[in-house]
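Remarks on the overall topology
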Amino acid sequence: MSARYLVRKLLGACLTILAIVILNFFLFRMMPGSPERVLMRSPVITAEAKAAARARWGLDKPLIPDQLVAYVESTFTGDLGYSFKFRGKPVTDVLLGRLWPTVILIGLAEFFAIIFGLLLGAYAGWRRGSKLDKAGNGFGLVLYSMPYFVIGMPLIIIFAAGLGWFPTSGASTAGATFESGLAQLLDFGRHLALPLITVTLGLIGGYSILMRSSIIETRAEDYITTARAKGLTDGRVMRHHAFPNALLPMVTLIAINLGYVVGGAITAEVVFNWPGIGTLTVDALSARDYPLLQGVFLLLSVCVVLANLVADLIYGFLDPRVHA
Amino acid sequence: MSAATTDPAGVNGPAGPAPVVIHRQRFRGLRESLGRFSTRTDGLVGLGILLVFAVLAIAPALFVGPLETVVTATGGVLEPPSMAHVFGTDEMGRDMLNLTVHGARISMIIGLLATVITVAVGALVGIVAGYSGGRLDNALMRVTDFFLVLPTFVLAIILAPILLDIIGPEAELFGIRATLLVIVLVIGLTSWATTARVIRSQVLSIKERMFVDRARVIGSGSGRIMRVHILPNVVNLIIAQAVLTFAFAVFVETTLAFIGLGDPFAPSWGQVLNAAQSAGAPGLGAWWYIVPPAACVVLVVLAFTLLGNALDDILNPKSGSRR
């Protein structure tokens, strides 16, 4: 991986993030209603007071470049404005408070989905056309066609409402006191189980389909024929020759996908009322809390850009042909 | 290659001996594609499922009568399936079979309109960028890449309420209410980038072909060349892309409606599932409220994906997913 490649990718990511911040600025300005209009409604406000308020908010300066520059500056210093819904709490604080549940849920789901998805796809593709392939590929396609909440709702009906094995919502039992940290952790685990299964199943579909086509392509390569000609067993050819090479394109695909998962899994959190970024987004949406929505958009877009950057870097590192 | 797109039924020419030969040649590509398609079980299954849902969407009232409202509800509260209500009822006593069948119409119309916008914008950008080349191509592809990176779904969540505030919730166009219109617009505006990329790469190779040079030599303008010579040659690709986009559009519409951006007066499947979630149906174990609309969503998205993949393999010369 050349230094030029690295610099170009880094620069590209920075420019994209800047473009996202600028888009965010204009989205904000597109919205009807402004502090000024609220002030106009009050008959007791004098012209001087209005002018003073405008000066204090910086509304007397032109939209471009002054207001735009001020917005970009404050965004990069971590000031994302104040939430309407949470009574003027800074958006950054609100977001940080909801980050951990989502990170735990998505992180674990990715972990399990990568393992099971890749194995399922690899075995289906290796035995292409077999019963196992047809069942596995069909299973993957059906899961791939299901929005997260469509997976989650039946799980609640069966395992929470029906069998009563797991709670239906939240991340902890309301009002419960725990004797030990372990008991508290167990409670958390019981709440985590169904959302985790939901997101994992949702991810497995895409991963197994991609891995299947990757291994089918690899299977046609000459070095696989060579490995067979050497008299290696089928399982050995698969494990030591086909699987690692088919994994290569998957690494970048998974890295790119990581950035989109949080946005996609919003509905999984909603179904289980999981207290993460997803439920926060929907709450902000129903309260029309625009500053918070913009904060969520910025956070999730930056995740995607960073994930893409990581994917590019891994690709440049793994594939020596990339020099451009 | 171009599957008889300019004169599909041969309506323009009274069939003398010479035109017949031309038509035969023209239809050969189409016949070959159809022949290859008829061997694709997955594509045929997808097509079959879609035909059933298309019939339901075109005439829902024929099968289950007019859409039931709170006033015209025919059953009790959250009744399990029975002889009177085969799919049970919702929390307002509406028949679930009625809601599900009418949901087909709303989900499919939104999906169709969103697909038209997505593919139209994507094809326009792709053709113009690919044919023009140079700076315009560069600029358009920058914008396309930017939209490819943006998390579509999250952008849609933010754009929808803003657009709704701007055009007002009471507005209507062709009898479609603002809420649904906003969903259509949002899906269209945020998901054209993939189509643009796919079409552009095809246009790049088509514009090097001899007939484009010939057209230029006899004095055709860029606009005419793009319309008359380039467009018919990417129609195949546009069709395959449209079918795949349709699957995505139904998926996104369902999700947006589920998180509360739908129209309660025009319940799509996502909107019905949103109502089920608000009514606490999962926790109450009211499976009949969830399974019918959820199964429909999965079937339709799956069918479009199967059909789209099959068409893509047959019609897209650059398709990587050869099976």
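Residues numbered from 1 in each chain as written. Chains lettered and ligands numbered in written order. Predicted model: local features only at pLDDT ≥ 70, side-chain atom pairs only at ≥ 80, totals over all residues.

1. Some details on the overall build of chain B
Rules: Under the DSSP-based scheme used, a helix requires at least four consecutive residues in state H or I and a strand at least two consecutive residues in state E, with every element numbered from the N terminus. Counting other C-beta atoms within 10 Å of its own, a residue is labelled buried from 20 upward, exposed at 12 or fewer, and partly exposed in the gap between, with every C-beta atom placed from the backbone. We call two residues in contact whenever the C-beta atoms placed from their backbones are within 7 Å.
Along chain B, the regular secondary structure elements total 13 helices and 2 strands. The 323 residues of chain B split such that 46% are buried. Long-range pairs, those at least 24 residues apart, make up 68% of the contacts in chain B with a sequence separation of at least 6.

2. Description of the overall build of chain A
Quick note on the threshold: The atom set for the radius of gyration is the C-alpha atoms, and the globule formula is 2.2 Å times the number of residues raised to the power 0.38.
Helix and strand content of chain A: 13 helices and 0 strands. Along chain A, helices (α) and strands (β) appear in the sequence α-α-α-α-α-α-α-α-α-α-α-α-α when read from the amino end. Its C-alpha atoms give chain A a radius of gyration of 25 Å, clearly above 20 Å, the size a compact globule of 324 residues would have. By principal-axis analysis of the C-alpha atoms, chain A measures approximately 90 × 55 × 35 Å. Looking at chain A residue by residue over its 324 residues, the buried ones come to 37%. Nonlocal contacts in chain A, meaning residues at least 24 apart in sequence, comprise 73% of its contacts between residues at least 6 apart.

3. Observations regarding the interface of chain B and chain A
Note the cut-off: Polarity classes work like this: nonpolar for Ala, Val, Leu, Ile, Met, Phe, Trp, Tyr, Cys and Pro, charged for Asp, Glu, Lys and Arg, and polar for all others, with Gly in that last group.
Taken together, the 34 residues of chain B in the interface contact 43 residues of chain A. Ranked by residues supplied to the side of chain B that touches chain A, first place goes to helix H6 (residues 152–167) of chain B with 9 residues. By residue class, the composition of the side of chain B that touches chain A is 25 nonpolar, 8 polar and 1 charged.

4. Quick word on the nonpolar core
The cut-off we apply is this: Joined through C-beta atoms within 7 Å, a set of buried Ala, Val, Leu, Ile, Met, Phe, Trp, Tyr and Cys residues constitutes a nonpolar core.
By size, the foremost hydrophobic cluster in this structure holds 162 residues, and its most contacted members are A:Val296, B:Ile127, B:Ile183, B:Ile290 and B:Phe304. It is helix H10 (residues 222–261) of chain B that contributes the most residues to this core, 22 residues altogether. Apart from residues lying up to four places away in sequence, A:Val296 is in contact with A:Ile277, A:Leu280, A:Thr281, A:Ala284 and B:Val154.

5. Brief notes about helix H8 (residues 193–206) of chain B
All names here are of chain B. Short version of the rule: Expected helix span is given by 1.5 Å per residue-to-residue step, counting one fewer step than there are residues.
Over its 14 residues, H8 runs 20 Å from end to end, which matches the ideal 20 Å to within 8%, given 1.5 Å per residue. Among all positions of H8, only Ala193, Thr195, Ala196, Val198, Ile199, Arg200, Gln202 and Val203 are buried. For H8, the elements touching its buried residues are helix H4 (96–132), helix H5 (134–149) and H10.

6. As for the packing of helix H1 (residues 3–30) of chain A against helix H13 (residues 290–318) of chain A
All names here are of chain A. Stated formally: Convention adopted: a line fitted to C-alpha atoms gives each axis, helices being fitted over their contacting stretch, and angles between N-to-C directions are expressed from 0 to 180 degrees. Oblique is the label for any angle not covered by the other classes, which are roughly parallel (under 35 degrees), roughly antiparallel (over 145) and roughly perpendicular (65 to 115). We call a crossing left-handed when the near helix sits turned anticlockwise from the far one by less than a right angle, and right-handed when that turn is clockwise.
It is the contact of H1 with H13, at a shortest axis distance of 10 Å, that shows an interaxial angle of 165°. Overall, the two elements H1 and H13 adopt an arrangement that is roughly antiparallel. Crossing hand, H1 versus H13: right-handed. Contact residues: H1 offers Tyr5, Lys9, Ala13, Thr16, Ile17, Ile20, Val21, Asn24, Leu27 and Phe28, while H13 offers Tyr290, Gln294, Phe297, Leu298, Ser301, Val302, Val305, Leu309, Asp312, Leu313 and Gly316. Each residue belonging to the contact of H1 with H13 can be placed in one class, and the counts come to 14 nonpolar, 5 polar and 2 charged.

7. With respect to the environment of B:Val300
Residues and elements named next belong to chain B. Of note, Val300 is situated in helix H13 (residues 287–315). Given 27 C-beta atoms within a 10 Å radius, Val300 is considered buried. The sequence separation of Val300 and Met108 amounts to 192 residues, and the corresponding C-alpha distance is 9.1 Å. For Val300, the contacting residues outside a window of four places in its chain are Phe53 and Val250.

8. Details of unusual backbone geometry
All names here are of chain A. Positioned with a positive phi, Asn273 is a non-glycine residue whose angle comes to about 55°. Considering the arrangement of structural elements, one finds Asn273 in the loop between helix H11 (266–272) and helix H12 (277–286). You will see that Arg288, though not glycine, has its phi angle at about 50°, which is positive. In this structure, Arg288 sits in the loop between H12 and H13.

9. Examining the confidence of the model for chain B
Cut-off, in case you're wondering: Confidence of the predictor at the level of single residues is captured by pLDDT, which takes values from 0 to 100.
Averaged over chain B, the pLDDT score is 81; the fraction of residues at 70 or greater is 89%. Below pLDDT 50 for its whole length, residues 1–20 of chain B participates in 21 contacts with residues either more than four positions away or in separate chains.

10. Quick look at the environment of A:Ile104
As for its position among the elements, A:Ile104 is in helix H5 (residues 91–126). Distance in space between the C-alpha atoms of A:Ile104 and A:Phe159 is 22 Å, their sequence separation being 55 residues.

11. Focus: the confidence of the model for chain A
When pLDDT is averaged across chain A, the result is 83; 94% of the residues are at 70 or more. Here helix H2 (residues 35–41) of chain A is the element of chain A with the lowest mean pLDDT, 60, and H5(A) is the one with the highest, 90.

12. A few points about the packing of helix H7 (residues 148–162) of chain A against H13(B)
Packed helix pairs are characterised by how far apart their axes lie and by the angle those axes make with each other. Running from N to C, H7(A) and H13(B) cross one another at 150°; their axes reach a closest spacing of 10 Å. When the axis of H7(A) is compared with that of H13(B), the two are roughly antiparallel. Where H7(A) crosses over H13(B), the handedness of that crossing is left-handed. Taking contact as the criterion, the partners of A:Val150, A:Met153, A:Pro154 and A:Ile157 in H7(A) are, on H13(B), B:Trp287, B:Ile290, B:Ala294, B:Val297 and B:Val298. Grouping the amino acids of the contact of H7(A) with H13(B) by side-chain chemistry returns 9 nonpolar, no polar and no charged.

13. Some thoughts on the environment of A:Trp274
Residue and element names in this part refer to chain A. Tracing the backbone through its elements, the reader meets Trp274 in the loop between H11 and H12. Taking the C-alpha atoms as reference, Trp274 lies 8.4 Å from Leu192; in sequence the two are 82 residues apart. Those residues in contact with Trp274 that lie beyond four places of it in its chain are Pro101, Leu105, Ala171, Pro195, Glu269 and Thr279.

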